[in-house]
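Here's the letter readout for the chains.
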Amino acid sequence: MTQSDSRPRLQDFEGKTAIITGAASGIGLALAEALAARGADLALADIDARGLDAARKRLAPTGRRICTRVLDVSSDADVRDAAAEFEATLGRIHLVFNNAGIDMSGELASLSEQDWTRAFGINVFGVIHGIRHFLPLLRRHGEPAHFVSTASGAGLWVNGDFPMGAYAATKYSVVALSEALEQELRGTGIGVSVLCPGPVKTPIAERSNHASESFRAAVATGTAPELVASHTLEAMRAGEFYIFTPTRMRPRLEARFARILDALERAPAVTTGMAAT
Ligand SMILES: NC(=O)c1ccc[n+]([C@@H]2O[C@H](COP(=O)([O-])OP(=O)(O)OC[C@H]3O[C@@H](n4cnc5c(N)ncnc54)[C@H](O)[C@@H]3O)[C@@H](O)[C@H]2O)c1
């Protein structure tokens with residue numbers, strides 16, 4: 001926090017190197033393609049070895065340097081070892097996309113302990129491990145750097161149309177971690193963003209044992225991942241913290257905040273000596 005903001009701002013992606021988790025599919029793969037098209041080198045990580053291999057082949061014609069690594073983001077050791085390999089192979093890392101994530105639909109009381117552990121292990125600890133092991137790579141140099149985590153619209157509002165409370169709980173955590181990180185990194189010149197997409201047309205629901213019909217339908221008609229990727233990169237360049245994609249959640253978000261602010265009005269008045277928090 002005491003460091004001065006001497007690091008130049010992120011202006012473009014040419015010659016930058018990006019780590020992307022969940023890079024074998026969906027939003028992660030679209031980010032990889034968009035970054036390669038803009039001249040970035042890639043460190044791609046995913047638990048799906050075949051998918052990662054296919055992604056590498058698909059991206060090979062771009063001529064960018066590409067390093068792939070199979071890992072489980074819920075494992076601290078996996079992410080630590082990947083960080084070391086990416087740096088050893090590609091040198092300075094400028095961009096981190098903590099993007100790997102899974103659906104965890106289902107009513108809260110119906111989920112097993114294993115479901116909860118898996119959801120928080122991947123969606124929340126995946127980001128925590130990125131903060132622990134990828135963020136230091138950005139701190140090591142004074143070139144432009146940006147740290148992005150993929151949350152969801154469900155990170156700001158619990159959508160009653162889908163039984164996805166556990167997923168929302170994980171994504172609220174990602175928003176909180178990102179808000180905290182942005183505060184902690186203020187003055188360092190390292191940008192922070194949190195991507196909060198509405199439904200995106202990816203295989204996320206197909207991979208899930210839990211996805212409801214309503215969630216499957218929303219994803220099947222969701223935004224193209226390519227659009228999510230190009231918008232994300234533009235928003236990062238513009239220094240946006242919250243990054244949204246097309247979603248109908250505005251009225252519901254307004255209602256949620258109005259309810260919170262309304263309740264706040266009814267709180268007892270602040271008395272002398274009380275902390276102003
Ligand atoms: N698709 C949507 O509608 C939507 C909406 C909001 C947020 N998101 C979020 O976007 C992110 C990307 O999802 P997507 O829609 O592209 O889904 P996807 O299933 O197409 O891609 C997710 C990728 O993460 C990988 N992955 C899963 N578990 C992993 C693990 N333990 N370690 C490493 N990699 C792992 C998968 O193999 C896959 O390649 C997720 O965090 C998701 O929660 C998606």
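None of the values given here were measured: they were computed from a predicted structure. Each residue is numbered by its place in its chain's sequence as written, counting from 1. This being a predicted model, a pLDDT of at least 70 is required before a residue's local features are given, and a value of 80 or more before pairs of side-chain atoms are given or counted; all residues contribute to the totals for chains, interfaces and linings. To obtain the side-chain values, all non-hydrogen atoms of the structure were used and water was disregarded.

Caption draft 1: Local environment of the overall build of the protein chain. A run of H or I in DSSP counts as a helix once it spans at least four residues, and a run of E counts as a strand once it spans at least two, with each numbered from the N terminus. Within the protein chain one finds 9 helices and 7 strands. Whereas a compact globule of 277 residues would reach a radius of gyration of roughly 19 Å, the protein chain reaches 19 Å, a difference of no more than 12%. For the C-alpha atoms alone, the extent of the protein chain along its principal axes is close to 60 × 50 × 35 Å. In the protein chain, which comprises 277 residues, the proportion classed as buried is 48%. Sequence separation of 24 or more characterises 71% of the internal contacts of the protein chain that already satisfy a separation of 6 or more. Reported accessibility uses the Shrake-Rupley method at a 1.4 Å probe radius. Residues are deemed covered only where the shown protein chains occlude them. On the protein chain, roughly 13600 Å² of surface is accessible, and the fraction owed to carbon and sulfur atoms is 54%. Here the protein chain carries 29 positive and 31 negative side-chain charges, and the mean point of each set is 3 Å from the other. Each radius of gyration is computed over the set of C-alpha atoms, and the globule rule expresses the reference value as 2.2 Å times the number of residues to the power 0.38. Exposure is judged per residue with a 1.4 Å probe applied to protein chains only, and the accessible area is read against the type maximum: over 50% gives exposed, under 20% gives buried, and values in between give partly exposed. In what follows, residue pairs with any heavy atoms lying within 4.5 Å of each other are defined as contacts. Charge counting follows a simple rule: Lys and Arg are positive, Asp and Glu are negative, and His as well as the terminal groups are ignored. Charge positions come from single atoms, namely NZ of Lys, CZ of Arg, CG of Asp or CD of Glu.

Caption draft 2: Molecular detail of the pattern of salt bridges. When a carboxyl oxygen of Asp or Glu is within 4 Å of a side-chain nitrogen of Lys or Arg, the pair counts as a salt bridge. In total, this model carries 16 salt bridges according to the counting rule given. A salt bridge links Arg64 to Asp41, with the nearest nitrogen and oxygen atoms 3.2 Å apart. Taken as a pair, Arg64 in the loop between helix H2 (49-59) and strand S3 (66-70) and Asp41 in strand S2 (residues 41-46) lie far apart in primary sequence, 23 residues in all. Classification of Arg64 by relative accessible area gives partly exposed; the value is 24%. With relative accessibility at 7%, the residue Asp41 sits in the buried group. Two residues, Arg186 and Glu182, come together in a salt bridge whose shortest N-O distance is 3.4 Å. If you follow the salt bridges from partner to partner, you end up with Asp41, Arg64 and Arg65 in one network.

Caption draft 3: Seen up close, helix H3 (residues 76-90). Residue count minus one, scaled by 1.5 Å, sets the expected span of a helix. Along its 15 residues, H3 runs 21 Å from first to last C-alpha, staying within 8% of the 21 Å computed at 1.5 Å per residue. Residues of H3 that are buried include every one of Val79, Ala82, Ala83, Phe86 and Leu90, and no others. Along the axis of H3, the buried positions cluster into a sector of 105 degrees, meaning they face one direction only. On its buried side, H3 packs onto strand S1 (17-21), S2, S3, helix H4 (113-133) and helix H5 (135-139). Residue Gly91 follows H3 closely and has a positive phi angle near 80 degrees. By arc we mean the arc of the directions from the helix axis to the C-beta atoms, nothing more.

Caption draft 4: Seen up close, the side chain of Lys16. Turning to its location among the elements, Lys16 is positioned in the segment before S1. Accessibility expressed as a relative area gives 11% for Lys16, which makes it buried. Here Asp12 takes part through its side chain, which lies 3.3 Å from a polar atom of the side chain of Lys16. Each polar contact in these results corresponds to two N or O atoms within 3.5 Å; when the atoms are within protein, one needs to be able to donate a hydrogen and the other to accept it, and residues that are neighboring in sequence are counted only if both atoms are side-chain atoms.

Caption draft 5: A nonpolar patch on the surface, seen in detail. A grouping of Phe257, Ile260, Leu261 and Leu264 is seen on the molecular surface, where their side chains present a nonpolar patch of about 390 Å² in accessible area. Note that Ile260 resides in helix H9 (residues 250-265). Two distance rules govern patches: like charges are joined within 9 Å, and nonpolar side chains (Val, Leu, Ile, Met, Phe, Trp, Tyr) within 5 Å, applied only to residues with over 30% relative accessible area and no salt bridge.

Caption draft 6: Structural context of the UniProt feature "domain: Ketoreductase" (unreviewed entry) in the protein chain. As recorded in UniProt, the sites labelled "domain: Ketoreductase" (unreviewed entry) are residues 16-203. Helix and strand shares over residues 16-203 are 45% and 18% respectively, and the end C-alpha atoms of the span are 28 Å apart. UniProt positions are given in the numbering used here, feature names are shortened, and annotations may be inferred rather than shown by experiment.

Caption draft 7: Geometry of helix H8 (residues 225-237). Counted at 1.5 Å a residue, the expected span for H8 with its 13 residues is 18 Å, and the 19 Å between its end C-alpha atoms agrees. Listed in full, the buried residues belonging to H8 are Pro225, Val228, Ala229, Thr232, Leu233, Ala235 and Met236. Axial view of H8: buried residues confined to an arc of 165 degrees, hence all on one face. Packed against the buried residues of H8 are helix H1 (26-37), strand S4 (95-98), strand S5 (145-150), strand S6 (190-196) and strand S7 (242-244). Looking at the residues trailing H8, positive phi occurs at Gly239, about 75 degrees.

Caption draft 8: Structural context of the site of the ligand. Summary of the distance rule: residues count as near a molecule or strand when at least one heavy atom falls within 4 Å of that molecule or strand. Around the ligand sit 30 residues, and of these Ser25, Asp46, Tyr167, Thr202 and Arg207 come closest. Residue Val73 places a main-chain N or O atom 3.0 Å away from a nitrogen atom belonging to the ligand. Within the side chain of Lys171, a nitrogen or oxygen atom sits 2.9 Å from an oxygen atom of the ligand. Look at the ligand: alone it shows 820 Å² of surface, and the protein chains cover 97% of it. Contributing elements (two or more residues each) for the shell around the ligand: H1 and helix H6 (165-185). For the shell around the ligand, the per-class residue count stands at 16 nonpolar, 9 polar and 5 charged. Polar here means any residue other than Ala, Val, Leu, Ile, Met, Phe, Trp, Tyr, Cys and Pro, which are nonpolar, and Asp, Glu, Lys and Arg, which are charged; Gly is therefore polar.

Caption draft 9: Main features of the sheet that holds S4. For two strands to be treated as a pair, DSSP must find at least two bridges joining them. Read from one edge of the open sheet, 7 strands run S3-S2-S1-S4-S5-S6-S7, paired in parallel fashion. The open sheet has two edge strands, S3 and S7, and neither has a second partner. Neighbour-to-neighbour, the strand axes of the sheet open up by a mean angle of 15 degrees, direction not taken into account. Here S6 pairs with S7 via 3 bridges, running parallel. Paired with Cys196 across the bridge in S7 is Phe244. Lines are fitted to the C-alpha atoms to define the axes, a helix being fitted only along its stretch in contact, and any angle between axes, read from their N-to-C directions, falls within 0 to 180 degrees. Packed on one face of the sheet, H2 meets S2 and S3 and runs near 175 degrees to S3.

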